[in-house]
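Structural characterization, general
The residues making up each chain are set out below.
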Amino acid sequence: MKNDKAHFVAFVGVMFALIFVLFLLEGAISVFLGTTPCILSLPVAVALCVYDDWKKSFIGGTLLGACSCLFCVVFGGAFLPYANPLISILPRVFIGVAAYWTCFGLTKLFKNSKNKFLNQVFPKAFAGAVGAITNTTLYLLSVYVWRGWLGEMLGSQVVAAISLLTIIYCLIETVACFILVPVYVKVMQKAGGVKSSGKIADTTEKQQQIV
């Protein structure tokens, strides 16, 4: 990325707006179902976590959590209890950490492969899947921790139903992230001024030179 803080802030701002808009589109369905798979916003958030270096790996998940929190506040009703930052934001901070280091490890593992899919696409795709699974796992864990409070607000049956749908949607989100994250990463690298190989590959090469 260009060494320009203003450029970076603007880029993050655009990504936040994009994730929120996609969240709203997904939320249009959730008005009727109570919850919906994040097949658009989650891949963008995960891609934002892995497109550059590890220092920025937490940004995408944090933005997704912030959008989720804002969405719950705006729409209120049954969504409002889930605006709790310990449910909507905190679990998602770790999406990027899991996704980034998965991508880093696989990029290093397949660095000598002549197969372009293995050394360029697969690490990002698999990292996307890991990010989606991490998102669902930590989100449900936070819901479990706050199940008593959520049950008092909404009723235990409603909380259980939403949690079950979240588990079902995890498969859809995982497939979406596997397919879309590599595409989004490539677009973000161009928009953010990152070389096509990305900082993950660059970091791996530097480590190899040192060794």
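Read on for a plain summary of the structure. All figures in this text were calculated on a predicted structure; none of them were measured in a lab. (Residues numbered from 1 in each chain as written. Predicted model: local features only at pLDDT ≥ 70, side-chain atom pairs only at ≥ 80, totals over all residues. Heavy atoms only, no water.)

A word on the packing of aromatic side chains. Under the defined criterion, the tally for this structure stands at 14 aromatic pairs. An angle of 35° between the planes, with centres 5.6 Å apart, marks the rings of Phe122 and Phe126 as tilted. Taken together, the positions of Phe122 and Phe126, both in helix H6 (residues 116-145) and four residues apart, correspond to about one turn of that helix. Accessibility expressed as a relative area gives 36% for Phe126, which makes it partly exposed. Between the aromatic rings of Phe122 and Phe178, the centroid separation amounts to 6.4 Å while the plane-to-plane angle is 70°, which identifies the pairing as edge-to-face. Here Phe122 is found in helix H6, whereas its partner Phe178 is found in helix H8 (residues 156-192), with 56 residues between them in sequence. Taken together through their ring pairs, the aromatic side chains of Phe110, Phe117, Phe122, Phe126 and Phe178 make up a single cluster. The ring of Phe8 carries Lys56 above its face, with NZ or CZ at 5.5 Å from the centroid. For the cation-ring pair, Arg147 lies above Tyr144, with the distance from its terminal atom to the ring centre recorded as 4.0 Å. (Phe/Tyr/Trp six-rings, centres within 6.5 Å; stacked < 30°, edge-to-face > 60°. Helix = DSSP H or I, 4+ residues; strand = E, 2+ residues; numbered from the N terminus. Buried < 20%, exposed > 50% of the residue type's maximum accessible area, 1.4 Å probe, protein only. Lys NZ or Arg CZ within 6 Å of the ring centre and 35° of its normal.)

A separate point is the side chain of Thr174. With respect to the element layout, Thr174 can be found in helix H8. Residue classification places Thr174 among the buried positions, given a relative accessible area of 14%. Excluding residues within four positions of it along the chain, Thr174 makes contact with Ala129, Ala132 and Ile133. (Contact = heavy atoms within 4.5 Å.)

Turning our attention to H6. With 30 residues, H6 should reach 44 Å at 1.5 Å per residue; the first-to-last C-alpha distance of 43 Å fits that figure. For H6, the principal kink sits at Phe122 and spans about 45°; a proline, Pro123, occurs within the next four residues. By the N-cap criterion, in which a side-chain oxygen at the helix start approaches the backbone nitrogen of a residue two or three places on, H6 is capped by Asn115, the distance to Phe117 being 2.8 Å. (Expected span 1.5 Å × (residues − 1). Bend = angle between axes of the 7 residues up to and from the residue. Polar contact = N/O pair within 3.5 Å; in protein donor to acceptor, adjacent residues only side chain to side chain.)

Formed by 45 residues in total, the largest nonpolar core has its most connected members in Leu42, Leu48, Val50, Tyr82 and Met188. Elements with a contribution of two residues or more to this core: helix H1 (5-33), helix H2 (41-50), helix H3 (59-75), helix H5 (95-109), H6 and H8. What Leu42 contacts, discounting residues up to four positions off in sequence, is Leu64, Ile95, Ala132, Asn135, Glu173 and Cys177. (Core = buried A, V, L, I, M, F, W, Y, C linked by side-chain atoms within 4.5 Å.)

Here we come to a nonpolar patch on the surface. A grouping of Trp54, Leu86, Leu90, Phe94, Val97 and Trp101 is seen on the molecular surface, where their side chains present a nonpolar patch of about 600 Å² in accessible area. Structurally, the position occupied by Trp54 is in the loop between H2 and H3. (Patch = residues over 30% accessible without salt bridge, like charges linked within 9 Å, V, L, I, M, F, W, Y side chains within 5 Å. Areas by Shrake-Rupley, 256 points an atom, 1.4 Å probe, with all protein chains shown as cover. Salt bridge = Lys/Arg side-chain N within 4 Å of Asp/Glu carboxyl O.)

Should their charged atoms come close, side chains of opposite charge can pair. The tally for this structure, following the rule as stated, stands at two salt bridges. Residue Lys56 pairs with Asp53 through a salt bridge whose shortest N-O separation is 3.6 Å. Both residues of the pair, Lys56 and Asp53, belong to the buried class. Look at the salt bridges and you will find they share partners, linking Asp52, Asp53 and Lys56 into a network.

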